[in-house]
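Topology and contacts: notes
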Amino acid sequence: MAQIKVTLIKSTIGSTEPQKGAVAALGLKKIRSSRVHENSPAIQGQIKKVAHLVKVEEV
């Protein structure tokens, strides 16, 4: 499977609890922190929930 790099670009302050949970589940803690994940439907669902907070790139 392809890999994707997810980077947190906006703060989670003011976000709902489910959005904060999705960011934490993606392994992102601070602004500009990045993680590489396998591209799967579960990861895509988490990214869709917080699309306005993250940047996604193919690796």
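Description of the structure in this document. What you see is a predicted model, and the numbers here were worked out from it, not measured in a lab.

In the structure shown here, the tally under the stated rule is two salt bridges. Salt-bridge contacts for E17 lead to K20; the nearest nitrogen and oxygen are separated by 4.0 Å. Of this pair, E17 and K20 both sit in helix α1 (residues 17–25), three residues apart, which is roughly one turn of that helix. When the shortest N-O distance is used, the salt bridge between E57 and K55 registers 3.5 Å. Assessed through its relative accessible area of 33%, E57 is described here as partly exposed.

All right, on to α1 then. Within α1, the full set of buried residues consists of Q19, A22 and V23. The buried residues of α1 occupy an angular sector of 100° when the element is viewed end-on, so they sit on one face. In α1, the exposed positions that point more than 90 degrees away from the buried face belong to E17 and A24. Once α1 finishes, G27 follows within two positions and takes phi at roughly 85°, a positive value.

Calculation criteria
- Every chain's residues receive numbers from 1 upward, in the order its sequence appears when written.
- Residues qualify for local features only when their pLDDT is at least 70, as the model is predicted, and side-chain atom pairs are given and counted only at 80 or more; totals for whole chains, interfaces and linings, by contrast, use all residues.
- The side-chain numbers reported here are obtained from all heavy atoms of the structure, hydrogens and water having been left aside.
- For this analysis, a salt bridge means a side-chain nitrogen from Lys or Arg found within 4 Å of a carboxyl oxygen belonging to Asp or Glu.
- Only DSSP runs of H or I covering at least 4 residues are called helices, and only runs of E covering at least 2 are called strands; the numbering of each starts at the N terminus.
- The classification of residues rests on relative accessible area computed with a 1.4 Å probe and restricted to protein chains. Under 20% of the type maximum is buried, over 50% is exposed, and intermediate values are partly exposed.
- Of all possible arcs, the one meant is that of the directions from the helix axis to the C-beta atoms.

By themselves, these are just geometric observations and shouldn't be taken as functional.
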